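Fold and contact review
Residue-level listing of the chains:
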Amino acid sequence: MTIDARLKELGIELPTPVAPVANYVPFVVSGNLVSISGQIPVRDGKIAYTGKVGADVSFEDACAAARQCALNLIAQMKAAAGGDLDRVVRVVKLGAFVNCIDGYGDQPKVVNAASDLMVDVFGDKGRHSRSAVGTNALPLNVPVEIDALIEIA
C-alpha cells in the first residue's frame, strides 16, 4: 500500500505545508537526510492552539496540537520528497517542545500523539527516536512545536 493510500484509508488529508515565520527554510535536504524545521499547530492557515499546557491548555488539546504538528511535518516531508511520500525510508527522530507550567511531567504523553501518527502512517518506518522537552515559552505562544529528521531514497 502506498503512503498516499494509507493516508486516505486513515481519513487524513494533508495540509498545505506551512511557510516559515522568520529567517529560515522549512526543510534542508543533505544527501538522503532531511531536516524539517519545527512545525507548530497551524491548521487552515491559522494557529489552532495557543497557551501553556497545565494552565490554559488541557492535556487533550495539547495532544491534538501535537498531532497537528505531526500532520504539518508529514506535509513538509511530502514537499521535501518531491511529492512522493513513498520515498520516506525512515522517520529518524522527532524533537518536541511542550510549552508547559513548572512541574508538568506529561510531555512524553503529549508527544505520543505525534509519534503515534508517524507509526500509523508509515508503519515500522515511522518508529523513531525522540526528545520531549518542557519549556516555559514557544513562538507565537503555541503549546507544542516539533521538528523532524527523516531519511529519503
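Residues numbered from 1 in each chain as written. Predicted model: local features only at pLDDT ≥ 70, side-chain atom pairs only at ≥ 80, totals over all residues. Heavy atoms only, no water.

**A few points about the packing of helix α2 (residues 59–80) against helix α3 (residues 107–122)**
Here is the rule we go by: Only the contacting stretch of a helix is used when fitting its axis, a line to C-alpha atoms as for every element, and angles between N-to-C directions run 0 to 180 degrees. By definition, any uninterrupted DSSP run of H or I lasting at least four residues is a helix, any uninterrupted run of E lasting at least two residues is a strand, and each is numbered from the N terminus. Any angle between 65 and 115 degrees counts as roughly perpendicular, while under 35 counts as roughly parallel, over 145 as roughly antiparallel, and the rest as oblique. Left-handed describes a crossing whose near helix is turned anticlockwise from the far helix through less than a right angle; right-handed describes the clockwise counterpart. Throughout, a contact is declared for two residues whenever any of their heavy atoms are within 4.5 Å. For this classification, the nonpolar set comprises Ala, Val, Leu, Ile, Met, Phe, Trp, Tyr, Cys and Pro, the charged set comprises Asp, Glu, Lys and Arg, and every other residue, Gly included, is treated as polar.
Packing of α2 against α3 leaves a shortest axis separation of 7 Å and a crossing angle of 40 degrees. Between α2 and α3, the crossing angle belongs to the class labelled oblique. Relative to α3, α2 is oriented so that their crossing is right-handed. Residues Phe-59, Ala-62, Cys-63, Ala-66, Arg-67, Ala-70, Leu-71, Leu-73, Ile-74 and Met-77 of α2 pack against Lys-109, Val-110, Val-111, Ala-113, Ala-114, Leu-117, Met-118, Val-121 and Phe-122 of α3. Looking at the contact of α2 with α3 residue by residue, the class counts come to 17 nonpolar, no polar and two charged.

**Topic: α3**
Worth spelling out the cut-off: A helix is expected to reach a length of 1.5 Å times the quantity of its residues less one. To get the bend at a given residue, fit one axis to the seven residues ending there, fit another to the seven starting there, and take the angle between those axes. Working definition: with a 1.4 Å probe on protein chains only, accessible area under 20% of the residue-type maximum means buried, over 50% means exposed, and in between means partly exposed.
Along its 16 residues, α3 runs 23 Å from first to last C-alpha, staying within 8% of the 22 Å computed at 1.5 Å per residue. The principal kink in α3, of about 35 degrees, is found at Ala-113. Listed in full, the buried residues belonging to α3 are Gln-107, Val-110, Val-111, Ala-113, Ala-114, Ser-115, Leu-117, Met-118, Val-121 and Phe-122. Next to the buried residues of α3 lie α1 (3–9), α2, β5 (88–99), β6 (129–135) and β7 (144–152). Positive backbone phi, at 65 degrees, marks Gly-123, one or two positions downstream of α3.

**With respect to the side chain of Gln-39**
Mapped onto the elements, Gln-39 comes out in strand β2 (residues 33–39). Ignoring any residue separated from it by four or fewer positions in sequence, one finds Gln-39 in contact with Val-18, Cys-69, Asn-72, Leu-73, Gln-76, Val-144, Glu-145 and Ile-146.

**Quick look at the pattern of salt bridges**
Note the cut-off: Salt bridges are defined as contacts in which a side-chain nitrogen from Lys or Arg sits within 4 Å of a carboxyl oxygen from Asp or Glu.
Counting across every chain of the model gives four salt bridges. One salt bridge connects Asp-4 with Lys-78, and the closest N-O pair in it is separated by 3.3 Å. One end of the pair, Asp-4, is in helix α1; the other, Lys-78, is in helix α2, with 74 residues separating them in the sequence. Given the relative accessible area of 25%, Lys-78 is considered partly exposed. Here Asp-106 makes a salt bridge to Lys-109, at a shortest N to O gap of 3.7 Å.

**With respect to the pairing of β6**
We count it as follows: Should DSSP find at least two bridges between two strands, the strands are taken to pair. A crossover gets the label right-handed when its path from the first strand over the helix to the second runs clockwise, viewed with the strands pointing away from the viewer.
Alignment of β5 against β6, held across seven bridges, turns out to be parallel. When the sheet's bridge partners are listed, Leu-94 is paired in β6 with Arg-130. The β-α-β motif built from β5, the intervening α3 and the parallel element β6 has right-handed crossover chirality.

**A look at the pairing of β7**
Here five bridges tie β2 to β7, and the two strands are oriented antiparallel to one another. The residue bridging Gln-39 from the neighbouring strand is Ile-146, located in β7. Pairing of β5 with β7 involves nine bridges; the strand directions are antiparallel. Bridge pairing links Leu-94 to Ala-148 in β7.

**Notes on the environment of Thr-50**
Of note, Thr-50 is situated in the loop between β4 (46–47) and α2. Assessed through its relative accessible area of 44%, Thr-50 is described here as partly exposed. Note: C-alpha distance between Thr-50 and Ala-65 (15 residues apart in sequence) is 9.0 Å.

Any functional reading would require information beyond the geometric quantities listed.
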